[in-house]
Amino acid sequence: MTDDLRPRRSVLYMPAANERALEKAQSIPADAIIFDLEDAVAPEAKPDARTKAVAAVQSGLYGNRELTIRCNGLDTEWGSDDIAAAAGAHPAAVVIPKVDSVDYVERVASLLDDAGASDVMIWPMIETPTAMFNVREIAAHPRVAVLVMGTNDLAKELRSPLVPGRHPLVPHLATALLAAREAGKVILDGVYNDVKNADGFEAECRQGMEMGFDGKTLIHPSQVEPANAMWAPSADDVDYAERVIAAFDEAVADGRGVVTVDGRMIENLHVDNARRVLATAAAIAALD
């Protein structure tokens, strides 16, 4: 499974200081977990949360889920120690808040390397105006695997409200998407705050999926299954993809230059899309 095809439909933040939450996460069907040392943890609890996050990553109790640790920023008293501890646990990645520049990414990469964790990737959070101006360079860094949109902080920095449809944020979401696709990287949509508004959450998931995001970061277990469903090819999608590929292969074998499926003209780009649908479905099945 290539890294860009690894399912990241649902990426759940879990407060690392909360032992009960860490235990519960072992049975939640999220594709990935972010053990959070930053916003979800009070200052006095951060050292203990760091120990718990490391233990969770090393426990082997989370099945095939991709495990990451969100560290505090390097401008805090905890950031460097968080990265050093995470390096020892060897999660899939460290998630770093408020990454404004490629130099910041390089600083994190150097700290990981110095701690013997050159295999640990970096998921920078894009959540400031400066980050938006530098997102192409950030995405292109070879250590970056995934961009994570920090929509709450971005809206705060822009002084814009979080409204249904997110029209104040759409241009910035699209800019980050362009950067991720240019660099061949994965990108995750930001969180949805109103955990009791299932319809609103589904609408925002649909918007993110249709824009091209690879999945969504989540703040509550109830959001996992709707996100998984939104970013998974449906049975109809798989059937259509199989028919597109079969029709195209048959046309090539017969020397025909024109291919149609269900009355629609099929070109190479449609075949590429169909193959990605099937590969995504296979990757989800393998993860399950």
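To keep things clear, this report deals only with the structure shown in the data block. (Residues numbered from 1 in each chain as written. Predicted model: local features only at pLDDT ≥ 70, side-chain atom pairs only at ≥ 80, totals over all residues. Heavy atoms only, no water.)

Here we look at the pairing of strand β7 (residues 186-189)
Side chains V186 and L188 of β7 all project onto a buried face; the interleaved residues I187 and D189 project onto the opposite face, where all are buried too. Here three bridges tie strand β6 (residues 146-149) to β7, and the two strands are oriented parallel to one another. Opposite V148, over in β7, you have L188 as the bridge partner. Inspection of the sheet shows β7 paired to strand β8 (residues 215-218) by two bridges, in the parallel sense. Within β8, the residue paired with D189 across the bridge is K216. Between the parallel pair β7 and β8, the chain is carried across by helix α8 (residues 198-211), and the sense of this crossover is right-handed. (Buried < 20%, exposed > 50% of the residue type's maximum accessible area, 1.4 Å probe, protein only. Helix = DSSP H or I, 4+ residues; strand = E, 2+ residues; numbered from the N terminus. Pairing = 2+ DSSP bridges. Right-handed = clockwise from strand over helix to strand, strands pointing away.)

Concerning helix α3 (residues 79-89)
Think of an α-helix as 3.6 residues a turn; residues three or four steps apart then line up on the same face. The set of residues buried in α3 consists of G79, D82, I83, A86, A87 and A89. Buried residues along α3 cover an arc of 160° about the axis, so they all sit on one side. As for α3, its buried residues are in contact with α2 (46-58), β3 (66-70), β4 (93-96) and α4 (102-114). Directly after α3, the chain includes H90, whose backbone phi takes a positive value near 55°. (Arc of directions from axis to C-beta. Contact = heavy atoms within 4.5 Å.)

Topic: the pattern of salt bridges
This model, assessed by the stated rule, comprises 21 salt bridges. Between D82 and R50 there is a salt bridge, with its nearest N and O atoms 2.7 Å apart. Taken together, the residues D82 in helix α3 and R50 in helix α2 connect sequence positions 32 residues apart. The residue R166 makes a salt bridge to D189 at a minimum N-O spacing of 2.8 Å. With a gap of 23 residues between them, R166 in the loop between α6 (151-158) and α7 (170-183) and D189 in strand β7 connect regions that are remote in the sequence. An identical accessibility class is assigned to R166 and D189; each is buried. Sharing partners across several salt bridges, the network here consists of D36, E38, D39 and R70. (Salt bridge = Lys/Arg side-chain N within 4 Å of Asp/Glu carboxyl O.)

Some thoughts on the sheet that holds strand β2 (residues 32-36)
Taken in spatial order, the eight strands line up as β1-β2-β3-β4-β5-β6-β7-β8 and close into a barrel, and their pairing is parallel. On average, each strand axis in the sheet is inclined to that of its neighbour by 25°, with strand direction left out of account. Pairing between strand β1 (residues 10-15) and β8: three bridges, direction parallel. Opposite S10, over in β8, you have K216 as the bridge partner. Along the sheet, α2 contacts β2 and β3; its crossing angle with β3, the most-contacted strand, is approximately 165°. Packing of α7 onto the sheet brings it into contact with β6 and β7, and relative to β7 it is tilted by some 160°. (Axes fitted to C-alpha atoms, helices over the stretch in contact; angles between N-to-C directions.)

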